[in-house]
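Reading the structure
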Amino acid sequence: MTRPDPDTLSLLASRPSLRMDVQDGLLFEDVPLHLIAERLGTPCWITGAGTLRRRTRNLHHAFVQAGLDVALHYAMKANDHLATLTVLREEGCGADVVSGGEFLRAVHAGIDPAHIVFSGVGKTNAELTLALRHGIGQINIESVEELRRLSSVAQHLDLTARVVLRVNPDIDAGTHDKISTGRAGDKFGIDWERVPAIYAEAAALPGIEPIGLATHIGSQILSPAPFKAAYARVAEMVRTLRAQGLSVETVDCGGGLGIRYRDELAPPPSALAGAIRETLGDLDVRLAIEPGRWLAAPAGVLLTSVIDTKHQPEGVPNFLILDAAMNDLARPSLYGSWHGIVPLSPERAHADLVPQTVVGPVCESSDVFATARPLPALQPGDVVAILDSGAYGAVMSSTYNSRPFAAQAMVENGQWQQIRARQPVDALWTGEMLPDWLETQ
Ligand SMILES: Cc1ncc(COP(=O)(O)O)c(C=O)c1O
Ligand SMILES: N[C@@H](CCCC[NH3+])C(=O)O
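Residue indices follow the written sequence of each chain, beginning from 1 at its first position. Key to labels: chains lettered from A, ligands numbered from 1, both in the order written. Totals for whole chains, interfaces and linings use every residue, but because this is a predicted model, local features are given only for residues with pLDDT of at least 70 and side-chain atom pairs only at 80 or more, for both listing and counting.

Looking now at the overall build of the chain. Elements are defined by DSSP. Helices are runs of H or I of four residues or more, strands are runs of E of two residues or more, and each kind is numbered from the N terminus. In terms of helices and strands, the chain carries 13 helices and 21 strands. Here the C-alpha radius of gyration of the chain, 23 Å, is about what a compact globule of 441 residues would show, namely 22 Å. Expressed as lengths along the three principal axes of its C-alpha atoms, the size of the chain is roughly 70 × 60 × 40 Å. Counting other C-beta atoms within 10 Å of its own, a residue is labelled buried from 20 upward, exposed at 12 or fewer, and partly exposed in the gap between, with every C-beta atom placed from the backbone. Evaluated residue by residue, the chain yields a buried proportion of 47% over its 441 residues. Contact criterion: two residues are in contact if their C-beta atoms, reconstructed from the backbone, are within 7 Å. Within the chain, contacts between residues at least 6 apart in sequence are counted, and of these 70% link residues at least 24 apart. Note that the radius of gyration is over C-alpha atoms, with the globule rule given as 2.2 Å times the number of residues to the power 0.38.

Let us look at the site of ligand 2. Residues are counted as near a molecule or strand when the C-beta atom, derived from backbone positions, lies within 6 Å of that molecule or strand. Taken together, the residues surrounding ligand 2 are Lys77, Ile179, Ser219, Gln220, Arg331, Tyr335 and Tyr392. Class assignment of the residues belonging to the shell around ligand 2 gives a composition of three nonpolar, two polar and two charged. Taken domain by domain, the makeup of the shell around ligand 2 includes at least three residues from each of domain 1 (8-48 + 297-429) and domain 2 (119-291). Residues are grouped as follows: Ala, Val, Leu, Ile, Met, Phe, Trp, Tyr, Cys and Pro are nonpolar; Asp, Glu, Lys and Arg are charged; all remaining types, including Gly, are polar. Each domain span listed reflects an automatic or database assignment of domains.

All right, on to the packing of helix H3 (residues 49-65) against helix H10 (residues 269-280) then. All axes are obtained by fitting lines to C-alpha atoms, using only the stretch in contact for helices, and the reported angles, taken between N-to-C directions, cover 0 to 180 degrees. Axis separation between H3 and H10 bottoms out at 9 Å; the angle between their running directions is 40°. Between H3 and H10, the angle is such that the two are oblique. Pair H3 / H10 crosses with right-handed handedness. Where H3 abuts H10, its residues Asn58, Leu59, Ala62, Phe63 and Gln65 lie against Pro269, Ser270 and Ala273. Here the residues of the contact of H3 with H10 are counted per class, giving five nonpolar, three polar and no charged. Throughout this description, any angle smaller than 35 degrees is read as roughly parallel, any larger than 145 degrees as roughly antiparallel, any in the 65 to 115 degree range as roughly perpendicular, and the remainder as oblique. If you view the pair so one helix is near and one far, a crossing is left-handed when the near helix is turned anticlockwise from the far one by less than a right angle, and right-handed when it is turned clockwise.

For the rest of this paragraph, the subject is the site of ligand 1. Neighbouring ligand 1 are 15 residues; Ala75, Ser219, Gly255, Gly292 and Arg293 lie closest to it. Here the shell around ligand 1 is composed, by residue class, of five nonpolar, seven polar and three charged.

Our next topic: the UniProt feature "binding site: pyridoxal 5'-phosphate" (unreviewed entry) in the chain. UniProt positions are given in the numbering used here, feature names are shortened, and annotations may be inferred rather than shown by experiment. In the UniProt entry, the feature "binding site: pyridoxal 5'-phosphate" (unreviewed entry) is given for Gly256, Glu290, Pro291, Gly292, Arg293 and Tyr392. Among the secondary structure elements, Glu290 is positioned in the loop between strand S13 (286-289) and helix H11 (293-296). Owing to 25 C-beta atoms within 10 Å, Glu290 belongs among the buried residues under this scheme. Sequence-distant contacts of Glu290, that is, excluding residues within four places in its chain, are made with His73, Ala75, Asp96, His216, Asp252, Gly254 and Gly255. Secondary-structure assignment places Gly292 in the loop between S13 and H11. When sequence neighbours within four positions are dropped, the list of residues in contact with Gly292 reads Tyr74, Ala75, Lys77, Ala78, Gly255 and Ala391.

Right, let's get into the domain arrangement of the chain. Looking at the assigned domains, one finds that the chain contains domain 1 (8-48 + 297-429) and domain 2 (119-291). One C-alpha centre belongs to domain 1, the other to domain 2; they are set 36 Å apart. Taken together, the contact pairs eight residues of domain 1 with six residues of domain 2. Looking at the side of domain 1 that touches domain 2 residue by residue, the class counts come to four nonpolar, three polar and one charged.

Here we take up helix H2 (residues 33-40). Taken together, the buried positions of H2 are occupied by Leu33, Ile36, Ala37 and Leu40. The buried residues of H2 occupy one face: seen down the axis, they fall within an arc of 100°. The exposed residues of H2 that point more than 90 degrees off its buried face are Glu38 and Arg39. At the exit of H2 stands Gly41, carrying a positive phi of roughly 80°. In this description, one arc is meant: the one made by directions from the helix axis to the C-beta atoms.

What follows is the structure, encoded as structure tokens:
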């Protein structure tokens, strides 16, 4: 069965931060996007601060409504720009980090290390040392090997690490294979059967204070059922550990809440809150979540201009060649992800639709943003916005094909400002050196 693509009007109808104005074209948080494209050029990422704030408040509200006090630790891998982190800090978020670099970025953005959780399947001694020295609030441990290593790092520093064991509940999140993390055999989390013994070992190890459990089963999850199943298992483990006389104070429920990119029926935050309340609500534990995509994805668009329209034989969709590519937004080429594409110009947005295959200039056949997508006929120089690219967008960019990192701007309440310079071309080879036996020209 073919799945129809939503048209511009229906895409915009479900995105309150975006609006098509008859004169100014596509507005994001009341800023005409063509102004930014004209000033900064394309490709250019735009982050909506107001959208970040609104979504954080909505998420928080859903938990308050469910009678739960849940800390929000923003998974900054989704979008780690300092301006994004600053907005989310202002909204009361801590951070979930997965590297020493992310940790220092979060601290640089003013996030209190006590409100930072260090996740990730491989943390080096240097990263653990850095985090402990700064007084990190929680380290999520992924294996007994890492636990023992952390114990010696902490002892060496004469510090105590507050540790949460990330458990692998063996639940299929029903999402894309490449972003599933909670099945037995995935590299993440501690095998279910080994958790009680490892928790007991943690309680006995010097420099370690085990304070709870964490789980994160994947990303872009579109049903409350896998969340509920995973949290029910975690609740069962909390009871098992307590029955052994071990103290469990906190449960970190991870991230993963999905959003509507195309026509998905994404569960509202109240469904996540309900799943947590039902399974963990009466355990007397401190609760936290680690949302990334849900907060950041709809708060970002990528502006890109048409370079050419490449005509194809009758019956074959023409190619629309953009100046953004898979090195900028990797998701479509990596996961076959669908992103809405909306022209900035009001006339174009309302024109007849013809199927077009939207590609970037990178020399890879997978550099495709959309296949046979119904879009209005566009001309070279026309600018389009690729929607919902605020999470796992700019952060996953590379300079493949010697394409510089794109510029970035932030909008809020009708105002806008540049937040990242376009990378100068000669910065692409900064840091490269020639060995002595080669001659410079
Ligand atoms: C440990 C952990 N927490 C939180 C997240 C954020 O996930 P999402 O962006 O789907 O909310 C991730 C990424 O999947 C993760 O690995
Ligand atoms: N990069 C993925 C999400 C990965 C989540 C990280 N654990 C995406 O763009 O959908």
